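In case you want the letters, here they are:
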Amino acid sequence: MCGIFGYVNYLVDKSRGEIVDTLIEGLQKLEYRGYDSTGLAVDGDDDKAFIFRQVGKVAALRDHIEKDLRPDTDKIFSSHVGIAHTRWATHGNVTENNCHPHTSDPNNEFVVVHNGIITNFRDLRILLKGKGFKFQTDTDTECIAMLFKHIYDTNLKNGHEVDFNELMKQVLYELQGSYGLLVRSSHYPGEIVATRKGSPLLVGVKTERKMKVDFVDVEFNDDPESQFASPNSLRFPSDKTAKPSNSSKFHKSQSRAFLSEDGIPMPMEFFLSSDPSSVIEHTKKVLFLEDDDIVHIYNGELHIHRATKEKGIPATRSILTLEMELAEIMKGPYKHFMQKEIFEQPDSTFNTMRGRIDFNENVVRLGGLKDWLPTIKRASRFLMIACGTSYHSCLATRPLFEELAGVPVSLEVASDFLDRSSPVSKNDVCFFVSQSGETADSMLALQYCIEQGATTVGIVNSVGSSISRQTDCGVHVNAGPEIGVASTKAYTSQYIALVMVALSLASDSIALRNRCISIIQGLKRIPEQIKRSLELEDQIKDICDKHLNGQKNALLLGRGYQFATALEGSLKIKEISYIHSEGVAAGELKHGVLALVDKDLPIIAIATKDSLLPKVQSAISQVTAREGRPIIIVNEGQKLQTNKKELAFIEVPENVDCLQGLINVIPLQLMSYWLAVNQGIDVDFPRNLAKSVTVE
Ligand code: UD1
Ligand code: F6R
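So, how was this worked out
- Residues numbered from 1 in each chain as written.
- Chains lettered and ligands numbered in written order.
- Predicted model: local features only at pLDDT ≥ 70, side-chain atom pairs only at ≥ 80, totals over all residues.
- Heavy atoms only, no water.
- UniProt positions renumbered as here; feature names shortened; annotations may be inferred.
- Buried < 20%, exposed > 50% of the residue type's maximum accessible area, 1.4 Å probe, protein only.
- Helix = DSSP H or I, 4+ residues; strand = E, 2+ residues; numbered from the N terminus.
- Pairing = 2+ DSSP bridges.
- Salt bridge = Lys/Arg side-chain N within 4 Å of Asp/Glu carboxyl O.
- Near = heavy atom within 4 Å.
- Polar contact = N/O pair within 3.5 Å; in protein donor to acceptor, adjacent residues only side chain to side chain.
- Areas by Shrake-Rupley, 256 points an atom, 1.4 Å probe, with all protein chains shown as cover.
- Nonpolar A, V, L, I, M, F, W, Y, C, P; charged D, E, K, R; others polar.

In the annotation of an unreviewed UniProt entry, the entry for the protein chain reads glutamine--fructose-6-phosphate transaminase (isomerizing), and the organism field reads Komagataella phaffii. Per UniProt, the comment on the protein chain under Function (unreviewed entry) is "Involved in amino sugar synthesis (formation of chitin, supplies the amino sugars of asparagine-linked oligosaccharides of glycoproteins)." According to UniProt, the comment filed for the protein chain under the heading Pathway (unreviewed entry) is "Nucleotide-sugar biosynthesis; UDP-N-acetyl-alpha-D-glucosamine biosynthesis; alpha-D-glucosamine 6-phosphate from D-fructose 6-phosphate: step 1/1."

Written out as structure tokens, the structure is:
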């Protein structure tokens, strides 16, 4: 998905070459999110910015800049603003022209990078064309740059000199949609403005000096009239009465965090990004922005402005210390992040439970839910809302919620839930499960449930992400950063986090105590059992070589708890190896799918031990009776009665029924990985997919 990165140095000498390197390295850290083209802008030799754009990988952008003789890479800037972008095309094809940064005019007076979607861009284009602007791209972003220029010029014509942040406010007044936005301008040298709405943005702060306080005050516009006072409003072009906002006050205040002891300006560097992973190598001090915050950086100071004081919006932004280590996001000895993440699961599942389960006392304590458990237990209904793999973790644990909480549970794919505007009441508790915590559909569903007054609970991997921050409470799954586009370790950790939530809901029940104890003891065995399942890799590679490589289709069969495993295995196979695969509820086989079965169709059946095993066996018989040759996942030592038509058995450790899916998914993850690698596919960046889907 799109990524943005900006670098600002103040009183820190940097050559143009070093600045470009910093921007390129920032983009490289965003590569894992998936993208199709890149670009960056730095100061030119005169007022005009240099802009470089390239379709393809970040490395190609670097080559492009090196080959371009324009920039004198040795030129030193003691104060400078650079902005950069990885694009994932939504409006306009993947072409160099459509790559960000986008510019207002041939002189690059205003240059922007943008994540998200401007929903009213068509109207804005018409209006701006009417004002003489000539669009060069098919993107929704270009109109933002032009709006800046149009509003700046109109202010000037009317004799108003506006601060950069004030100009941003006037532009935002015209924009609808979602955005993470960085803007630089030749009219405001050394300054940058940035904002976010529904798209993540944080700022890393680096200085050798000690900062006075570890927070930044939010500067509210205290002139109630000026918040809507866009003197150049495009929506109301004939409104001549609108009052220009009083911009002079904005440069007066000084941010306490950036005041030096001696009053002498401090050398500062700022790193603006949509993702902490591109900031932590430079600094661990970061500020996460709230929606509608406007960041204005100039003279080594960072200011945060907002149009109005709103209830519930804090008046300061904390400068936090990120604990994430760079090593954590590197590949280590593995060939791909996905492989690394699959093999991390003994540790990541352990980390999900660390400090939260007392295996001696058989007690689960979730710090993030402690104060909310009574409210959650009173719910009349649970809704589990998510997308993709995260949805599968909900499906895998729904039966346990029903069993342990005795509350009806609705399962919702976030986009479909929104499409239906499904009724939600304030007695509902809505669980939002997301690895990234930034998925647009899940975010919108969350907004909707908040508006309906429901209690919202996040089950999220990324600390500081939008879902984690906007839910009432929740559980961080603590799987560590997941970089491979295909979600693996996040799935097993989400699954365990949800099991722990279900167990917490049953903590008062004497009738359920023995069941809970057996599940808690089952959880204790999971890391070691996953480790053993990973030892099946050679067998899985062999099965791929003998039976699956080169196939175009596959069917995965599961029932009860294992239906989710079948769906998740199938999603993994299709998304990274591009083999069409279907996860089928074994009970549905005879209702249509059986027509596909013949001796050639690869079938993977999940037949580990649980109460539904006889029914799964009957499904396998239906398949083999039609010449189907299944590969069957069973428990170690399990003797399955078959008519010997199976191609292979994969034997996995046995656990409690509701946890068996955590083990069964491992051979399927390995299978999808090797099926893709055997075809030479870049497993970490499957085509057409992005790590974090921040568009609807
Ligand atoms: C927290 C600390 C952890 C510390 C532990 C010990 C954080 C992020 N976690 O973990 O470092 O070791 O206490 O005391 O500081 N939340 C949401 N929505 C979500 C996820 C979480 O609102 O989607 C909230 C929780 O309700 C909680 C906070 O975020 O208030 C932290 O959640 P979590 O990390 O799960 O809490 P602990 O496990 O207690
Ligand atoms: C599949 C995959 C996706 C995500 C989905 C939701 O491997 O990664 O299906 O699970 O896009 O993303 P999150 O969990 O970040 O909300």
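Novice: Give me the pairing of strand 8 (residues 192-197): which residues, what numbers.
Specialist: Judged by how many residues are buried, strand 8 sits mostly within the fold: five of six residues are covered. The turn linking strand 7 (residues 177-185) back onto strand 8 is made up of six residues, and Gly190 within it adopts a positive phi angle of 75°.

Novice: Describe in detail the pattern of salt bridges, supporting the description with residues and values.
Specialist: Applying the stated rule across the entire model yields 29 salt bridges. Across the pair Arg381 and Asp428 runs a salt bridge, and its minimum N-O distance is 2.8 Å. On the criterion of sequence distance, the pair formed by Arg381 in strand 19 (residues 381-386) and Asp428 in strand 21 (residues 428-434) is long-range, its members being 47 residues apart. The pair Arg381 / Asp428 is uniform in exposure class, with both members buried. We note a salt bridge from Arg515 to Glu403, for which the minimum N-O separation is 2.7 Å. Here Glu403 lies in helix 9 (residues 388-405) and Arg515 lies in helix 14 (residues 513-534), a separation of 112 residues in the sequence. In this structure Arg515 comes out as buried when scored by relative accessible area, which is 19%. Among the ionic contacts, a cluster of salt bridges with common partners joins Arg16, Asp45 and Lys75.

Novice: Just give me the short version of the sheet that holds strand 8, but keep the residues and values in it.
Specialist: Backbone-to-backbone hydrogen bonds pair the strands of a sheet. The strands run either parallel or antiparallel. One open sheet accounts for eight strands, arranged 5-6-7-8-13-14-10-15; its pairing is mixed. Each having just a single partner strand, strand 5 (102-103) and strand 15 (316-318) make up the two edges of the open sheet. One ladder, built from three bridges, connects strand 10 (residues 215-220) with strand 14 (residues 301-306); its direction is parallel. Paired with Phe220 across the two strands is Arg306, which belongs to strand 14.

Novice: With reference to specific residues and values, describe the site of ligand 1.
Specialist: The local shell around ligand 1 consists of Arg356, Gly367, Gly368, Gly458, Val460, Val463, Ser468, Thr471, Cys473, Gly474, Val475 and His476. The backbone of Gly458 places a nitrogen or oxygen atom 3.4 Å from an oxygen atom of ligand 1. Within the side chain of Thr471, one N or O atom sits 2.8 Å away from a nitrogen atom of ligand 1. Coverage of ligand 1 by the protein chains reaches 51% of its 730 Å² of free accessible surface. Listing elements by their share of the shell around ligand 1, those giving two or more residues are strand 22 (455-460) and strand 23 (473-476). Considering each element in turn, the shell around ligand 1 owes the most residues, four residues, to strand 23. By residue class, the composition of the shell around ligand 1 is four nonpolar, seven polar and one charged.

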